[in-house]
Amino acid sequence: RPAMSAMQADILAGKVHTVITRAYDRLFRNKYEQAKFVYGVCQPSGVNVKSLTEDFDLMSPEGQIIADIKAGMNQQAVIASARSSKRSKDAKAQAGTLRTVPPFGYGIVENDGVRKTERKQTEEKIIIELFTRYVAGEGVRQIQQDFCRRGIKSKHGKSLHTSNMVRWLHNPIYKGVLVWHGSEYPSPYPAIIDLATWEQAQIVALSRHASATRKIR
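Each chain has its residues counted from 1, following the order in which its sequence is written. Whole-chain, interface and lining totals are the exception, using all residues; otherwise, since this is a predicted model, local features are given only for residues with pLDDT of at least 70 and side-chain atom pairs are given and counted only at 80 or more. Neither water nor hydrogens contribute to the side-chain values; these are computed over all heavy atoms in the structure.

Student: I tried to follow helix H4 (residues 121-135) on my own but got confused; where do I start?
Tutor: The periodicity of an α-helix, 3.6 residues per turn, causes residues three or four positions apart to be oriented the same way. Counting from the N terminus, the helices are the DSSP runs of H or I reaching at least four residues and the strands are the DSSP runs of E reaching at least two. Expected helix span is taken as 1.5 Å per residue step, with the number of steps being one fewer than the number of residues. With 15 residues, H4 extends 21 Å between its outermost C-alpha atoms, agreeing within 8% with the 21 Å of an ideal straight helix rising 1.5 Å per residue. Three labels apply to residues, based on accessible area from a 1.4 Å probe with only protein chains included: buried if under 20% of the type maximum, exposed if over 50%, partly exposed otherwise in between. Among the residues of H4, Glu 123, Glu 124, Ile 126, Ile 127, Leu 130, Phe 131, Arg 133 and Tyr 134 are the ones counted as buried. Looking one or two residues past H4, Gly 137 carries a phi angle of roughly 120 degrees, positive in sign.

The structure is reproduced here in structure tokens:
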């Protein structure tokens, strides 16, 4: 939080008399940040903190108790919201409807207000070519250099790196599976690579890794 850090530096430098905020919880994420700001920054510098919407004095002992209670309640609300969001996403993952950011090869289209995933034909062909060539014996570096010579870019328009290739080769999305918190679920994205080819690519990767490890020893 650069702005918060800059304000604290100004307070410690003696440039601030009073900090005014709409509500105290706009300044702090939790009661630990609150205590650090009040006791470690404001009080030693003789700086007051005022809220436009709350009628208690944060700098008084009574105000600190009230603020601690409110901060604790806010923390619990954040935790409860995060748990609720996780339960919702878990349920969507199990139903095969959880949409992540579309990886290379996929996009999202909207028809009559309904959003659905689809394969992007140009990118799909790149993924198929990658798996086909890799399983046939070509190395990741060799394929990556060829893709770059042909002007093929990442989803964000950047040059492809071997790390892109490796992620794609190991991403189960391409075989129609979504991994969510260590468990496999039906993917909301249609498969691009058949199961046999995807598994063969994993076997090749393991074999090459074992061979490289033996050479290092």
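Student: Just to check I follow, could you spell out the pattern of salt bridges for this structure?
Tutor: Side chains carrying opposite charge are able to pair once their charged atoms draw close together. Whenever a carboxyl oxygen of Asp or Glu lies within 4 Å of a side-chain nitrogen of Lys or Arg, that contact is scored as a salt bridge. Tallying each qualifying case throughout the model produces 9 salt bridges. A salt bridge links Arg 150 to Glu 129; its shortest N-O distance comes to 2.7 Å. Taken together, the residues Arg 150 in the loop between helix H5 (140-149) and helix H6 (162-170) and Glu 129 in helix H4 connect sequence positions 21 residues apart. With a shortest N-O distance of 2.6 Å, Arg 133 and Asp 146 are connected by a salt bridge. Of this pair, Arg 133 sits in helix H4 while Asp 146 is found in helix H5, placing the two residues 13 residues apart along the sequence. Judged by its relative accessible area of 15%, Arg 133 is buried.

Student: Mind showing me how you'd approach the packing of aromatic side chains here?
Tutor: Here the distance between the centres and the angle between the planes together describe a pair of aromatic rings. Each pair of aromatic rings taken from Phe, Tyr and Trp, with Trp reduced to its six-membered ring, is defined by centres within 6.5 Å and is described as stacked if the planes are under 30 degrees apart, edge-to-face if over 60, and tilted in the remaining cases. Under the definition given, this model contains 5 aromatic pairs. Summarising the aromatic geometry, the rings of Phe 104 and Trp 168 are spaced 4.3 Å apart at their centres and angled 20 degrees between planes, so their arrangement reads as stacked. Placement of the pair is Phe 104 in the loop between helix H3 (61-95) and strand S3 (106-111) and Trp 168 in helix H6, with a sequence separation of 64 residues. Take Trp 168: its relative accessible area is 7%, and that puts it in the buried class. Taking the centre distance of 6.0 Å and the plane angle of 15 degrees together, the rings of Tyr 106 and Tyr 174 count as stacked. With Tyr 106 in strand S3 and Tyr 174 in the loop between H6 and strand S5 (177-180), this residue pair connects regions lying 68 residues apart in the sequence. The burial state of Tyr 106 is the same as that of Tyr 174; both residues are buried. One Lys or Arg, Arg 208, reaches over the ring of Tyr 134 and ends 4.5 Å from the middle of that ring. Two limits define a charge over a ring: the Lys NZ or Arg CZ must be within 6 Å of the ring centre, and within 35 degrees of the ring normal.

Student: Sorry, what's going on with the side chain of Asn 164 here?
Tutor: Mapped onto the elements of the fold, Asn 164 is located in helix H6. By relative accessible area, Asn 164 is classed as buried at 11%. Here a polar contact means two N or O atoms within 3.5 Å. Within protein one must be a hydrogen donor candidate and the other an acceptor candidate, and residues neighboring in sequence count only if both atoms are side-chain atoms. Separated by 2.7 Å, the side chain of Asn 164 and the backbone nitrogen of His 161 make a polar contact.

Student: What exactly am I supposed to notice about the nonpolar core here?
Tutor: Generally speaking, a soluble globular protein has its nonpolar side chains buried in company with each other. Counting residues in each nonpolar core, the largest one holds 25 residues, and the members touching the most others are Ile 127, Phe 131, Tyr 134, Phe 147, Met 165, Trp 168 and Tyr 174. Here this core takes 5 residues from H4, the largest share from any one element. Whether two residues are in contact is decided by their heavy atoms: any pair within 4.5 Å suffices. The contact partners of Phe 147, leaving out residues within four places of it in the chain, are Ile 126, Glu 129, Leu 130, Arg 133, Ile 152, Leu 160 and Met 165. Residues grouped as a nonpolar core are buried Ala, Val, Leu, Ile, Met, Phe, Trp, Tyr and Cys residues, joined through side-chain atoms within 4.5 Å. The next biggest cluster of nonpolar side chains, apart from the first, holds 16 residues, and it includes Phe 37, Val 41, Phe 56 and Met 59.

Student: Before we go on, may I ask you to explain the layout of surface pockets in this structure?
Tutor: Where empty space is left in the structure can be found by rolling a water-sized probe over the atoms. Of the volumes computed, that of the largest pocket is approximately 230 Å³. Around the largest pocket, the lining residues are Val 101, Pro 102, Pro 103, Phe 104, Ser 154, Lys 155, His 156, Asn 164, Arg 167, Trp 168, Asn 171 and Tyr 174. Each residue is assigned to one of three groups, with Ala, Val, Leu, Ile, Met, Phe, Trp, Tyr, Cys and Pro labelled nonpolar, Asp, Glu, Lys and Arg labelled charged, and all others, Gly among them, labelled polar. Here the residues of the lining of the largest pocket are counted per class, giving 6 nonpolar, 4 polar and 2 charged. As defined here, a cavity is a set of points on a 1 Å grid over the protein atoms alone where a 1.4 Å probe fits but cannot get out. A pocket is an open set with protein on both sides within 12 Å along at least five of seven lines, and residues line them when an atom is within 4 Å of a point. Grid points are joined across faces, edges and corners, and a volume is the space filled by probe spheres set on the points. Taken as a whole, the second largest pocket holds about 160 Å³ of empty space. Lining the second largest pocket are Arg 1, Met 4, Ser 5, Gln 8, Leu 27, Phe 28, Glu 33, Lys 36 and Phe 37. Elements supplying a minimum of two residues to the lining of the second largest pocket: helix H1 (2-12) and helix H2 (31-45). For the lining of the second largest pocket, the residue count by class is 4 nonpolar, 2 polar and 3 charged.

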